[in-house]
Amino acid sequence: MSADTGASPAEAMAAAFERRAADRELVIGVIGLGYVGLPLAEGFVGRGFRVLAYDPDAAKIDSIRAGRTYIRHISDERVSAMVGGGLLDATTDADRLAEADALLMCVPTPLNVHREPDLSYVEACARTIAERLRPGQLVVLESTTYPGTSEELIRPILEGSGLKAGIDFAIAYSPEREDPGNIQFGATSIPKVVGADTEAERRMACAVYAPLTTVVPVSDLKTAEAVKLTENIFRLVNIALVNELKVVFESMGIDIWEVVDAAKTKPFGYMPFYPGPGLGGHCIAIDPFYLTWKARAHGEQTRFIELAGDVVTAMPKRVVEHVAEALSTARAKAVNGARILVVGLAYKKNVDDMRESPSLHVIRMLRERGASVDYYDPHIPVAADTPEHPEAAGMVSIAWSPEALAAYDCAVICTDHDAVDYAALAAALPLVVDTRNATARLDGAFAEKIWKA
Ligand SMILES: NC(=O)c1ccc[n+]([C@@H]2O[C@H](COP(=O)([O-])OP(=O)(O)OC[C@H]3O[C@@H](n4cnc5c(N)ncnc54)[C@H](O)[C@@H]3O)[C@@H](O)[C@H]2O)c1
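Asks: Quick question: what am I supposed to make of the overall build of the protein chain here?
Replies: When helices and strands are tallied, the protein chain shows 15 helices and 13 strands. Its C-alpha atoms give the protein chain a radius of gyration of 24 Å, near enough to 22 Å, the size a compact globule of 453 residues would have. Projected onto the principal axes, the alpha-carbon positions of the protein chain cover approximately 85 × 50 × 40 Å. Relative to its full complement of 453 residues, the protein chain shows a buried share of 46%.

Asks: Would you take a moment to explain the site of the ligand for this structure?
Replies: Taken together, 27 residues are adjacent to the ligand, and Gly32, Gly34, Tyr35, Val36 and Ser143 come closest. Ranked by residue count, the leading element in the shell around the ligand is helix α5 (residues 120-130), at four residues. Residues belonging to the shell around the ligand are distributed by class as follows: 13 nonpolar, eight polar and six charged.

Asks: Any chance you could explain the sheet that holds strand β12 (residues 432-434) here in plain terms?
Replies: Adjacent strands of a sheet pair through backbone hydrogen bonds, lying either parallel or antiparallel. Pairing is parallel across the open sheet formed by five strands, whose spatial order is β10-β9-β11-β12-β13. Looking at the sheet topology across the chains shown, the edges are occupied by β10 (372-376) and β13 (450-452). The sheet shows a mean angle of 25° between the axes of neighbouring strands, taken without regard to direction. Bridging between β12 and β13 involves three bridges; their strand directions are parallel. The partner of valine 433 across the bridge, within β13, is tryptophan 451. Across the face of the sheet, helix α12 (residues 315-331) comes into contact with β9 (339-343), β11 (410-413), β12 and β13 while running at roughly 150° to β11.

Asks: In this structure, what is going on with the domain arrangement of the protein chain? I would like to understand it.
Replies: Many authors give the size of an interface as the accessible area that is lost as the parts come together. What the domain assignment lists for the protein chain is domain 1 (9-219), domain 2 (229-311) and domain 3 (314-452). One C-alpha centre belongs to domain 2, the other to domain 3; they are set 23 Å apart. If you look at the interface, domain 2 gives 13 residues, while domain 3 gives 19 residues. Split into classes, the residues belonging to the side of domain 2 that touches domain 3 amount to six nonpolar, six polar and one charged.

Asks: How should helix α6 (residues 149-159) be read in this particular structure?
Replies: Think of an α-helix as turning once every 3.6 residues; residues three or four places apart then point the same way. For α6, the set of buried residues is Thr149, Ser150, Ile154, Ile157 and Leu158. On an axial view of α6, the arc spanned by its buried residues comes to 100°, and they lie on one face. Facing away from the buried side of α6 by over 90 degrees, the exposed positions are Glu152 and Pro156. In this structure, the buried side of α6 is in contact with α5, β5 (138-141), β6 (170-173) and α8 (221-251).

Asks: Honestly, the environment of phenylalanine 44 in this entry has me stumped. Any pointers?
Replies: Looking at the secondary structure, you find phenylalanine 44 in helix α2 (residues 37-46). Separated by 101 residues in sequence, phenylalanine 44 and threonine 145 have C-alpha atoms that sit 23 Å apart.

Asks: Would you explain unusual backbone geometry in this entry?
Replies: Peptide bonds are, in most cases, trans, and in most cases residues other than glycine have a negative phi. Within the chain, arginine 24 stands out as a residue other than glycine whose phi angle is a positive 60°. Structurally, arginine 24 is set in the loop between α1 (9-22) and β1 (27-31). Taking the C-beta count within 10 Å as the criterion, arginine 24 has 15 such neighbours and is therefore assigned partly exposed. Even without glycine at this site, asparagine 350 takes up a positive phi of about 65°. If you trace the backbone, asparagine 350 turns up in the loop between β9 and α13 (358-368). What makes asparagine 350 partly exposed here is the crowd of 18 C-beta atoms within 10 Å.

Asks: Sorry, what's going on with the nonpolar core here?
Replies: Grouped burial of nonpolar side chains is what soluble globular proteins tend to show. Core analysis: the biggest nonpolar cluster contains 71 residues, and Val323, Ile340, Cys410 and Val412 have the highest contact counts within it. Lining this core are residues from two domains, each supplying at least three of them: domain 2 (229-311) and domain 3 (314-452). What valine 323 contacts, discounting residues up to four positions off in sequence, is Val335, Ile340, Leu366, Cys410, Val412 and Val433. Formed by 68 residues, the second largest nonpolar core is a distinct cluster that contains Ala21, Ala41, Val51 and Tyr209.

Procedures and definitions
Residues numbered from 1 in each chain as written. Predicted model: local features only at pLDDT ≥ 70, side-chain atom pairs only at ≥ 80, totals over all residues. Helix = DSSP H or I, 4+ residues; strand = E, 2+ residues; numbered from the N terminus. Rg over C-alpha atoms; globule rule 2.2 N^0.38 Å. Buried ≥ 20, exposed ≤ 12 C-beta atoms within 10 Å, placed from the backbone. Near = placed C-beta within 6 Å. Nonpolar A, V, L, I, M, F, W, Y, C, P; charged D, E, K, R; others polar. Pairing = 2+ DSSP bridges. Axes fitted to C-alpha atoms, helices over the stretch in contact; angles between N-to-C directions. Contact = placed C-beta atoms within 7 Å. Domains from an automatic or database assignment. Arc of directions from axis to C-beta. Core = buried A, V, L, I, M, F, W, Y, C linked by C-beta atoms within 7 Å.

In structure tokens form, the structure reads like this:
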């Protein structure tokens, strides 16, 4: 107990944190400046906090310092505004983490080759922090992960420093809910769920996020971890369901997009999800399987999640079969020897992120069947090297022109980017297979050329 106030050391630590957060005295350390970390840093700068942005990737840090973006939907102007105000300090020097009061970890949580959780980034990051941990600091994991990660993995690493969680320093978990490219919701408008195992730690984490946005405290670390997985599993299951309905309705001559558009007019009890070429992205394609893995350790199964995964991972193959049928029926051609243009490499519209993109599966399968395949994506000029699809690495987006488009037998729309001129595409090519309903608003004159898949 403190002699003056009667508060325990943990309560005193929390009270000091709350006061310093309210006075904007806290220094916020953002660790990992990717799709999540960069907008989060921007959010805190916008609220008047000093932000220490740490990433071992020197190219990213140089870019931030130069006011240049490396994420398409975050403009150069936004990055220069962050740096120009003097509140953001970007560094590759891990020793400077001691300067920050709150350390927010925004590092990758992928799956390994066996589709099991790969926590190597989280572990490495926690070790980096542990080596420099000082009393009074708050460490928050924002990366998506299975319930138990903060308690079973992070806490022991941090306590390896000799300091005790909940007494000398604090641990919390606050899932990142950022939706890259979504202009309606961002770091300052999406409520933050915050979980910690003691009242003092929860108070400290709430104090950090409260100036940013609405805070939703939950009772412990693992509950907060479970909230994020629940949100993403909900999406996975519903995406799988609407893809299954697409297949069934198609066999009955019913258009799924028309069905969903009409169904969503119900003002309650229904939420629209849309079919596509498969499952992609760094979240929905991965996170649910973190729970599958952890459930096994508890002797439980996640049959719903696995079934949903099976349904959506079968979609790219189905798209390729539609392409084969369209080429054969409309052009009397085989996939073998055909020139095919995949439109959209990103896993979803208007972003430059091709992680886990179903387009990559479609490209690989078309090539396996003997097609010559190129892609066009206005947001991805060169395909990145991904562990799952090394064969696509270095592919270059074609330059858009009516002449270039006319060289293909068929286009397959895998991503419905707004920046693509679908009328010009349909005008230039003899055949378009549309997995996203991107051509819905086109003139009926193109109807003969367009196949939905
Ligand atoms: N991208 C999204 O839309 C999104 C949304 C919600 C949650 N998430 C989750 O947030 C986390 C981060 O995702 P992201 O998309 O920002 O990833 P990202 O790959 O874009 O960025 C991660 C950053 O972490 C850095 N990094 C790697 N190892 C590090 C280490 N040891 N120490 C410090 N920095 C390190 C990388 O250099 C990179 O800049 C993941 O768990 C993801 O599931 C992502």
